[in-house]
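# Descriptive analysis of the structure
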Amino acid sequence: MIHVAGLGASGSYLFRRLKDGGFNAMGYDPKKPGFYIPCGYAVNFEKLKELARAVNLDAGEYIEATADTVTFASDSGARIELPARGFCTIDKNRIEKDIMGDYKFERRMAPAPTDEQILVDATGISRHYLGNARGDLQMRTKEYLTETAPERGFHFRYFPSGRGYYWVFPLKNGYHIGAGGDTIDMVSGALKSINDTKKVMSRNIRLSPLFDQAYSGNIIGVGEAIGTVSPITGEGIIPSMESADILFNCISRYDDLETLKERYVAEIKKKFRRYEKLFSLLVNARQGRLKKFGNLLAISSAKEDFQNFGIQLEILKVLKQLAKN
Ligand SMILES: Cc1cc2nc3c(=O)[nH]c(=O)nc-3n(C[C@H](O)[C@H](O)[C@H](O)COP(=O)(O)OP(=O)(O)OC[C@H]3O[C@@H](n4cnc5c(N)ncnc54)[C@H](O)[C@@H]3O)c2cc1C
């Protein structure tokens, strides 16, 4: 028996794949229907399309707004427009609900697993079952659902020294405008001019990959619980679904729990190697050590990371723009 605790992006996807695959599984999530968990809802459509196909859904039905370009700004006023390929917002709540299909689940926390059972911790930031992790770096975030926005189109603004960012992501009928940073003052400061708010949401986001702390006994983590979030863009929806896909394949392939866990972590590390490099880059930026040689190597990981999110990062264009400002 496999208990999946948490039915957000990663848990719902894993649960559906397990049920479709004929596994004996049960899902648990105490969240009330329609509960709005803060998230910008931005994904790369091309990646979502593939993942959705595996659960018989058409990703096109969930698109809210599509980007042709994305504006990046710095606090000093430098701006650059980068072409988008696949970058869009989706109705995340609706797709998660549809991923669950008609499968029954329980609106409560999961019971403690017995020795013969596996519990999958898909509880996101809380890591409710795996517990606290060493070196867990989290950023404070606040997000508004609004009708209007001060910037046009899809927009990011980075704070100095990698200490956070502000975003505007258009939806079908409104915007997600948010900010993430080290302190709540930093976050509130970035959002102080926004007053037309329909909803205000707040939670932390995990920036540190925790792949070496992805399991404990018969509890295995997936998604943001193990840090499948980009340390430089905050992208976590598709990576969390991809981690669920990896876990599903390992569960299907390996009967022995120890082998399953080892293979799972190895595959996760391979797939998300760039997050470990980008996390070091972030830590170096925060400590003012951006000139370190390792950071140069992380540039190609940054390019790969933006590309995965659906944004074409043109390094030369960025360097030229920086030289101008
Ligand atoms: C403000 C903000 C904006 C973001 N914007 C984006 C974005 O635009 N694009 C993007 O790709 N990523 C974004 N992210 C990151 C992304 O939302 C997450 O990384 C992703 O949703 C993680 O998926 P998950 O399934 O691991 O966890 P979640 O989606 O957080 O799901 C966890 C689930 O576990 C449930 N749960 C909690 N505790 C328990 C328990 N004890 N028992 C059972 N269930 C429990 C919760 O109710 C929830 O449903 C953003 C994050 C934040 C905070």
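On a predicted model such as this, the values are computed, not experimentally measured, just so you know.

### Thoughts on the nonpolar core
With 60 residues, the main nonpolar core has Ile-2, Leu-14, Leu-18, Leu-48, Met-241, Leu-247 and Tyr-264 as its most contacted residues. Looking at this core element by element, the count peaks at nine residues for helix 5 (residues 237-253). The contact partners of Leu-48, leaving out residues within four places of it in the chain, are Val-43, Ala-59, Ile-90, Ile-95, Ile-238 and Met-241. Counting residues in each nonpolar core, the second largest holds 29 residues, with Ala-65, Ala-67, Trp-167 and Phe-306 among its members.

### What to know about the packing of helix 2 (residues 45-53) against helix 5
Viewed as axis vectors pointing N to C, helix 2 and helix 5 meet at an angle of 30°, and their least axial separation amounts to 10 Å. Handedness of the helix 2/helix 5 crossing: left-handed. Two secondary-structure elements touch here, helix 2 through Lys-47, Leu-48 and Leu-51 and helix 5 through Ile-238, Met-241 and Glu-242.

### With respect to the packing of aromatic side chains
Two numbers describe a pair of aromatic rings. These are the distance of the centres and the angle of the planes. Inspection of the entire model under this criterion finds 18 aromatic pairs. Three or more aromatic residues joined by ring pairs form one cluster here, namely Phe-72, Phe-87, Phe-154, Phe-156, Tyr-158, Tyr-165, Trp-167, Phe-169, Phe-306 and Phe-309. The residue whose ring lies beneath Arg-157 is Tyr-166, and the NZ or CZ to ring-centre distance is 4.7 Å.

### Considering the site of the ligand
Near the ligand lie 36 residues; those nearest to it are Ser-10, Asp-29, Gly-40, Ala-42 and Glu-224. In the environment of the ligand, an oxygen atom lies 2.6 Å from a nitrogen or oxygen atom belonging to the side chain of Glu-224. Here the ligand has 1000 Å² of accessible area as a free molecule, and 94% of this is covered by the chains. Contributions of two or more residues to the shell around the ligand are made by helix 1 (9-20), strand 11 (164-171), strand 13 (197-206) and helix 5.

### Focus: the pattern of salt bridges
On inspection of all chains with the given rule, the structure shows 18 salt bridges. Note that Arg-157 and Asp-75 form a salt bridge whose closest N and O atoms lie 3.2 Å from each other. Here Arg-157, found in strand 10 (residues 154-158), pairs with Asp-75, found in the loop between strand 5 (69-74) and strand 6 (79-83); they are 82 residues apart in sequence, far enough to count as distant. A salt bridge links Glu-258 to Lys-261; its shortest N-O distance comes to 3.3 Å. With Glu-258 and Lys-261 both in helix 6 (residues 257-271) and three residues apart, this pair spans about one turn of that helix. We classify Lys-261 as buried; its relative accessible area is 3%. Where salt bridges share partners, they join Arg-163, Asp-182 and Arg-286 into one cluster.

### A word on the side chain of Arg-206
Assignment of secondary structure puts Arg-206 in strand 13. Looking at Arg-206, its side chain comes within polar contact range of the side chain of Asp-136, at 2.8 Å. Once residues lying within four places of it in the same chain are set aside, the contact partners of Arg-206 are Gly-124, Ile-125, Arg-127, Asp-136, Leu-137, Gln-138, Glu-224, Ala-225, Gly-227 and Val-229.

### Considerations on helix 5
Between its terminal C-alpha atoms helix 5 stretches 25 Å, which fits the 24 Å expected from 17 residues at 1.5 Å a residue. By the criterion of burial, helix 5 is predominantly enclosed, with 13 of the 17 residues buried.

### Points about the packing of helix 1 against helix 5
Put simply, helix 1 and helix 5 touch, their axes get as near as 8 Å, and they point 30° apart. With respect to helix 5, the element helix 1 is oriented roughly parallel. Here helix 1 runs over helix 5; the crossing is right-handed. For the pair formed by helix 1 and helix 5, the contact residues are Ala-9, Ser-10, Tyr-13, Leu-14, Arg-17 and Leu-18 on the first element and Ile-237, Ser-240, Met-241, Ala-244, Asp-245, Leu-247, Phe-248 and Ile-251 on the second. Class assignment for the residues of the contact of helix 1 with helix 5 results in 10 nonpolar, two polar and two charged.

Calculation criteria
- Residues numbered from 1 in each chain as written.
- Predicted model: local features only at pLDDT ≥ 70, side-chain atom pairs only at ≥ 80, totals over all residues.
- Heavy atoms only, no water.
- Core = buried A, V, L, I, M, F, W, Y, C linked by side-chain atoms within 4.5 Å.
- Buried < 20%, exposed > 50% of the residue type's maximum accessible area, 1.4 Å probe, protein only.
- Helix = DSSP H or I, 4+ residues; strand = E, 2+ residues; numbered from the N terminus.
- Contact = heavy atoms within 4.5 Å.
- Axes fitted to C-alpha atoms, helices over the stretch in contact; angles between N-to-C directions.
- Left-handed = near helix turned anticlockwise from the far one by under 90°.
- Phe/Tyr/Trp six-rings, centres within 6.5 Å; stacked < 30°, edge-to-face > 60°.
- Lys NZ or Arg CZ within 6 Å of the ring centre and 35° of its normal.
- Near = heavy atom within 4 Å.
- Polar contact = N/O pair within 3.5 Å; in protein donor to acceptor, adjacent residues only side chain to side chain.
- Areas by Shrake-Rupley, 256 points an atom, 1.4 Å probe, with all protein chains shown as cover.
- Salt bridge = Lys/Arg side-chain N within 4 Å of Asp/Glu carboxyl O.
- Expected span 1.5 Å × (residues − 1).
- Parallel < 35°, antiparallel > 145°, perpendicular 65-115°, else oblique.
- Nonpolar A, V, L, I, M, F, W, Y, C, P; charged D, E, K, R; others polar.

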